[in-house]
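So the chains spell out like this:
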Amino acid sequence: MNEKTQQLFKVIIIFLFYFIYTTVISGVLSLCGIKDELIAVFIADLVFFLGMVIIYKDSIKEGFLKFIKNYSLSKKIIFIVKWVAILFAVNMLGGIITEILFPSLEEDGNTGALYSIASISTFYMIFKTLIFAPVAEELLFKKTIRGLISNNVVFIIASSLIYALINIMYIDFNVFAIIDVISYFIFSVILSYIFVKNEDNIFMSMLIKFFYNLIPLTILLLGIGG
Amino acid sequence: MIVMQLQSLSNCFMSSKVVVQSLAVVQKTGNGAKNLNTIILIIIIVIIILIVSILFSNRNK
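Right, let's walk through the structure included here. Just so we're clear, the structure is a prediction, and the values are computed from it rather than from any experiment.

Reading the values: rules and limits
- Residues numbered from 1 in each chain as written.
- Chains lettered and ligands numbered in written order.
- Predicted model: local features only at pLDDT ≥ 70, side-chain atom pairs only at ≥ 80, totals over all residues.
- Heavy atoms only, no water.
- Helix = DSSP H or I, 4+ residues; strand = E, 2+ residues; numbered from the N terminus.
- Buried < 20%, exposed > 50% of the residue type's maximum accessible area, 1.4 Å probe, protein only.
- Contact = heavy atoms within 4.5 Å.
- Expected span 1.5 Å × (residues − 1).
- Polar contact = N/O pair within 3.5 Å; in protein donor to acceptor, adjacent residues only side chain to side chain.
- Phe/Tyr/Trp six-rings, centres within 6.5 Å; stacked < 30°, edge-to-face > 60°.
- Patch = residues over 30% accessible without salt bridge, like charges linked within 9 Å, V, L, I, M, F, W, Y side chains within 5 Å.
- Areas by Shrake-Rupley, 256 points an atom, 1.4 Å probe, with all protein chains shown as cover.
- Salt bridge = Lys/Arg side-chain N within 4 Å of Asp/Glu carboxyl O.
- Axes fitted to C-alpha atoms, helices over the stretch in contact; angles between N-to-C directions.
- Parallel < 35°, antiparallel > 145°, perpendicular 65-115°, else oblique.
- Nonpolar A, V, L, I, M, F, W, Y, C, P; charged D, E, K, R; others polar.
- Core = buried A, V, L, I, M, F, W, Y, C linked by side-chain atoms within 4.5 Å.
- Left-handed = near helix turned anticlockwise from the far one by under 90°.

1. Observations concerning the overall build of chain A
Of regular secondary structure, chain A possesses nine helices and zero strands. Of the regular secondary structure in chain A, the N- to C-terminal order runs α-α-α-α-α-α-α-α-α. Residue burial in chain A is summarised as follows: out of 226 residues, 52% are buried. Restricting to contacts in chain A with at least 6 residues of sequence separation, those with at least 24 account for 77%.

In structure tokens form, the structure reads like this:
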């Protein structure tokens, strides 16, 4: 078995684990008497998060050190502000166009789930959007896939397509799902481009996703509190 | 004053559902996917995308 085939099996196993970990860990916790769904989902996410960090700890450390060393403070701020603004503008534009074209369309499953979780547990919402998504999801959709695909363009398209597909996996298929695929795809293309452009520095895309998510999360939490 | 302005901005955004939708995170709803067939289909599509990408990537080296 050559190296690429081994890598492919590794990626498939990580993805399969990603698909089933919530159900499996929730089931195990349920057997142990932990019936609270939110706690079970949180523990499951935490296990997956820690697993990904342990697998890729060297890449995260290396990326962090490169970022600290190669960028001055002003460059760091400009880099973050520039890419967060681009991502936010693109996503907002997509959302507003959807609203104009399909004003009567109800929110999709992913959005509905996020909104209800935000109203149940602020802590979990913060963990999920500011820690889990930037770290575990970026490692899964960028670092894991990059190990398989060396060509930059093919990598950007493949990782973004997979990210977009998985984002709509848990929702009902309707017009919103198709629009969501496009919107998630463009979002991921930008993040993958940042990753590739910075010599496969995963810390860069993590940082941008963290600051990007911080804006809608703040608005969301203010909206719920207000 | 700033908090009021932020809350007014937040209400404006929330009414259009744009903000929550723009959060970049995969949220697995409750007990997982409603439709097991969809999950299996997407898993197969993901594996196909990976294999095709490896082949393309090797060809364009």
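2. Here's the deal with helix α7 (residues 152-167) of chain A
Residues lying three or four places apart along an α-helix face the same way, a consequence of the helix completing one turn every 3.6 residues. Residue and element names in this part refer to chain A. Compared with an ideal rise of 1.5 Å per residue, which puts 16 residues at 22 Å, α7 spans 22 Å between its outermost C-alpha atoms and is within 8% of the ideal. In terms of residue burial, α7 counts as a mostly covered element, since twelve of its 16 residues are buried. Turning to α7, its buried residues are Val 154, Phe 155, Ile 156, Ala 158, Ser 159, Ser 160, Ile 162, Tyr 163, Ala 164, Leu 165, Ile 166 and Asn 167. Looking at where α7 begins, the residue whose side-chain oxygen comes 3.1 Å from the main-chain nitrogen of Val 153 is Asn 151.

3. Some thoughts on the packing of aromatic side chains
Residues and elements named next belong to chain A. Under the criterion given, the structure shown has 29 aromatic pairs over all chains. Both rings, one in Phe 141 and one in Tyr 163, keep their centres 5.1 Å apart while their planes meet at 85 degrees; by these two values the pair is edge-to-face. In this pair, Phe 141 is assigned in helix α6 (residues 122-146) and Tyr 163 in helix α7, connecting sequence segments 22 residues apart. Looking at Phe 141, the relative accessible area reads 0%, which means it is buried. Where Tyr 163 meets Phe 187, the ring centres are 6.5 Å apart and the plane angle is 25 degrees; that geometry is what we call stacked.

4. What about the environment of Ile 178 of chain A?
Residues and elements named next belong to chain A. By the element assignment, Ile 178 lies in helix α8 (residues 175-197). Here Ile 178 falls in the exposed class, since its relative accessible area comes to 58%. Taking the C-alpha atoms as reference points, Ile 178 and Leu 46, separated by 132 residues in sequence, lie 30 Å from one another.

5. Things to note about a nonpolar patch on the surface
A grouping of Leu 36, Ile 40, Ile 44, Ile 48, Val 52 and Phe 56 of chain B is seen on the molecular surface, where their side chains present a nonpolar patch of about 540 Å² in accessible area. Structurally, the position occupied by Phe 56 of chain B is in helix α3 (residues 36-59).

6. What about unusual backbone geometry?
Residue and element names in this part refer to chain A. Unlike most non-glycine residues, Glu 199 shows phi in positive territory, near 50 degrees. Among the structural elements, Glu 199 can be located in the loop between α8 and α9 (202-225). Positive phi, close to 55 degrees, is recorded for Asp 200, a residue that is not glycine. Position of Asp 200 among the secondary structure elements: in the loop between α8 and α9.

7. A look at the packing of α7 of chain A against α3 of chain B
Helix packing geometry: the angle between the two helix axes and the distance between the axes. Running from amino to carboxyl end, α7 of chain A crosses α3 of chain B at an angle of 175 degrees, the nearest separation of the two axes being 10 Å. Here α7 of chain A lies roughly antiparallel to α3 of chain B, going by the angle between them. From α7 of chain A, Val 154, Ala 158, Leu 161, Ile 162, Leu 165 and Ile 166 of chain A reach across to α3 of chain B, where they touch Ile 42, Ile 45, Val 46, Ile 49, Leu 50, Ser 53, Phe 56 and Ser 57 of chain B. A class-by-class count of the residues in the contact of α7 of chain A with α3 of chain B yields twelve nonpolar, two polar and no charged.

8. Quick word on the nonpolar core
Residue and element names in this part refer to chain A. Ranked by internal contacts, the top residues of the largest apolar core, which has 70 residues, are Phe 15, Phe 79, Ile 162, Ile 166 and Ile 208. If one sorts the elements of this core by residue count, helix α1 (residues 3-31) sits on top with ten residues. Beyond its immediate stretch of four places on either side in the chain, Ile 208 contacts Phe 79, Ile 80, Trp 83, Val 84, Leu 87, Leu 191 and Ile 194.

9. Section: the packing of helix α2 (residues 37-55) of chain A against α6 of chain A
Residues and elements named next belong to chain A. At their nearest, the axes of α2 and α6 sit 10 Å apart, and the two run at 35 degrees to each other. Note on packing geometry: the crossing formed by α2 with α6 is left-handed. Contacts between α2 and α6 involve Leu 38, Val 41, Phe 42, Asp 45, Leu 46, Phe 48, Phe 49, Met 52 and Val 53 from the first element and Phe 123, Tyr 124, Phe 127, Lys 128, Ile 131, Phe 132, Val 135, Ala 136, Leu 139, Leu 140 and Thr 144 from the second. The residue makeup of the contact of α2 with α6, split by class, is 17 nonpolar, one polar and two charged.

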